[in-house]
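The residues making up each chain are set out below.
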Amino acid sequence: MSNDISELRVQLSDQWQKVAIDLIRKGIPADMVFESLLTVGLAGHVELQGKDQTASKLVAIAEQLSEQVRREKEALQEASGATKN
């Protein structure tokens, strides 16, 4: 069952990405497209899961992004140091 859910998530992600690309190609600014997708998605999540669970999910996502930024910064610093030697 979890494999089915994973496959479904991949399919949904692919479809949303296609919709977003299509809208951008039609001239809608990318930032507006993705802000709208995010707003609609969050509103739906709040409706289904509640504000507390949505807030917790957003905090977890923010922490993941912060960690990615930290790792990228470290990698850039390492690469910069390696090229100086």
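Residues numbered from 1 in each chain as written. Predicted model: local features only at pLDDT ≥ 70, side-chain atom pairs only at ≥ 80, totals over all residues. Heavy atoms only, no water.

Draft legend 1. Highlighting the overall build of the protein. Of the regular secondary structure elements, the protein holds three helices and zero strands. Starting at the N terminus and ending at the C terminus, the protein contains elements arranged as α-α-α. Taking 12 Å as the expected radius of gyration for a compact globule of 85 residues, we find that the protein reaches 18 Å, considerably beyond that expectation. Dimensions of the protein along its principal axes, counting C-alpha atoms only, are 55 × 35 × 25 Å. In the protein, buried positions account for 4% of the 85 residues. For the protein, the separation between the mean place of its 10 positive charges and that of its 13 negative charges on side chains is 4 Å. (Helix = DSSP H or I, 4+ residues; strand = E, 2+ residues; numbered from the N terminus. Rg over C-alpha atoms; globule rule 2.2 N^0.38 Å. Buried < 20%, exposed > 50% of the residue type's maximum accessible area, 1.4 Å probe, protein only. Lys, Arg positive; Asp, Glu negative; His and termini not counted. Charge placed at Lys NZ, Arg CZ, Asp CG, Glu CD.)

Draft legend 2. Broad picture of the environment of S66. Within the element layout of this structure, S66 appears in helix α3 (residues 51-84). Between the alpha carbons of S66 and R25 there is a distance of 31 Å; along the sequence they are 41 residues apart.

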